[in-house]
Amino acid sequence: MGTTAKEEMARFWEKNTRSNRPLSPHVTIYKWSLPMAMSITHRGTGVALSLGVSLFSLAALLLPEQFPHYLAAVKALSLGPALIYSAKFALAFPLSYHTWNGIRHLV
């Protein structure tokens, strides 16, 4: 007859305790490299893009007015050029980075 899962786990932990091996390396022992940073940034921009699209589509479904109304409201705020260009960069960077990094990965 086979052993139970509880017995197997007890045997596993007993063996690890006897051998004094670490469970897994901690993140802080890795030396940062460019591919690692690019991979993390790629995942982050992917999450940001999916959240942005989801929030925009949810807003399009739930808000009472049409898009031109909200665009006019933003224009009425008379925001300075520095803030406008910063907002454009914040919208364009994740899309362009994620796209070009994905193409780089495929190549």
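Not measured: the values here are computed from a predicted model. Position labels on residues start from 1 in each chain and follow its written sequence. Per-residue local features are limited, in this predicted model, to residues with pLDDT of at least 70; the limit for side-chain atom pairs, both in listing and counting, is 80 or more; totals at the level of whole chains, interfaces and linings are taken over all residues. The side-chain quantities take in all heavy atoms of the structure and omit both hydrogens and water.

**Topic: the UniProt feature "transmembrane region" (unreviewed entry) in the chain**
Thinking step 1. The sites that UniProt annotates as "transmembrane region" (unreviewed entry) are residues 44-64 and 76-97.
Thinking step 2. Here residues 44-64 runs as 90% helix and 0% strand, with 31 Å between its end C-alpha atoms. UniProt positions are given in the numbering used here, feature names are shortened, and annotations may be inferred rather than shown by experiment. Elements are defined by DSSP. Helices are runs of H or I of four residues or more, strands are runs of E of two residues or more, and each kind is numbered from the N terminus.

**Structural notes on the packing of helix H2 (residues 34-62) against helix H4 (residues 81-106)**
Thinking step 1. Axes here mean lines fitted to C-alpha atoms, for a helix over just the part in contact, with angles spanning 0 to 180 degrees between N-to-C directions. With their axes 9 Å apart at the nearest point, H2 and H4 run at an angle of 130° to one another. Considering their axes alone, H2 and H4 lie oblique with respect to each other. The element H2 and its partner H4 pack so that their crossing is left-handed. Every residue of H4 that contacts H2 at Met38, Thr41, His42, Thr45, Gly46 and Leu49 is listed here: Pro94, Leu95, Tyr97, His98, Asn101, Gly102 and Arg104. Roughly parallel here means an angle under 35 degrees, roughly antiparallel means over 145, roughly perpendicular means 65 to 115, and every remaining angle is called oblique. Note on convention: near helix rotated counterclockwise from far helix by under a right angle means a left-handed crossing. Clockwise means right-handed. Throughout, a contact is declared for two residues whenever any of their heavy atoms are within 4.5 Å.

**Structural notes on unusual backbone geometry**
Thinking step 1. With a phi angle near 50°, serine 78 is a residue other than glycine that sits in the positive phi range.
Thinking step 2. Examined against the element boundaries, serine 78 turns out to sit in the loop between helix H3 (67-76) and H4.

**Details of the packing of aromatic side chains**
Given two aromatic rings, one states the distance between the centres and the angle between the planes to describe the pair.
Thinking step 1. Centres within 6.5 Å are what make two rings of Phe, Tyr or Trp a pair, Trp counting through its six-membered ring; a difference in plane orientation under 30 degrees is then read as stacked, over 60 as edge-to-face, and the rest as tilted. Under the counting rule described, the total for this entry stands at four aromatic pairs.
Thinking step 2. Residues phenylalanine 56 and phenylalanine 67 carry aromatic rings whose centres are separated by 6.3 Å and whose planes lie at 65° to one another, so their mutual orientation is edge-to-face. Residue phenylalanine 56 is located in helix H2, and its partner phenylalanine 67 is located in helix H3; the two are separated by 11 residues in the primary sequence.
Thinking step 3. Among the aromatic residues, those joined into a cluster by ring pairs are Phe89, Phe93 and Tyr97.

**Points about the layout of surface pockets**
Thinking step 1. Residues are said to line a cavity or pocket when one of their atoms sits within 4 Å of a point; the points come from a 1 Å grid over protein atoms alone, cavities being sets where a 1.4 Å probe fits but cannot get out and pockets being open sets with protein on both sides within 12 Å along at least five of seven lines. Grid points are joined across faces, edges and corners, and a volume is the space filled by probe spheres set on the points. The calculated volume of the largest pocket comes to roughly 720 Å³.
Thinking step 2. Considering the residues around the largest pocket, the lining is formed by 22 residues, among which Phe56, Phe67, Leu71, Val74 and Leu91 are closest to the centre.
Thinking step 3. Going through the elements one at a time, H2, H3 and H4 are the ones with two or more residues in the lining of the largest pocket.
Thinking step 4. Each residue gets one label: Ala, Val, Leu, Ile, Met, Phe, Trp, Tyr, Cys and Pro are nonpolar, Asp, Glu, Lys and Arg are charged, and the others, such as Gly, are polar. Residues of the lining of the largest pocket, tallied by class, amount to 18 nonpolar, two polar and two charged.

**A word on the pattern of salt bridges**
Thinking step 1. We define a salt bridge as a side-chain nitrogen of Lys or Arg found within 4 Å of a carboxyl oxygen belonging to Asp or Glu. Counting across every chain of the model gives two salt bridges.
Thinking step 2. Of the charged contacts, one joins arginine 11 and glutamate 8 as a salt bridge, the two residues approaching to 3.1 Å between their closest N and O atoms. On the criterion of helical spacing, the pair formed by arginine 11 and glutamate 8 is a turn pair, its members being three residues apart in helix H1 (residues 5-19).
Thinking step 3. Measuring nitrogen to oxygen at the nearest pair gives 3.8 Å for the salt bridge that ties glutamate 14 to arginine 18. Of this pair, glutamate 14 and arginine 18 both sit in helix H1, four residues apart, which is roughly one turn of the helix.

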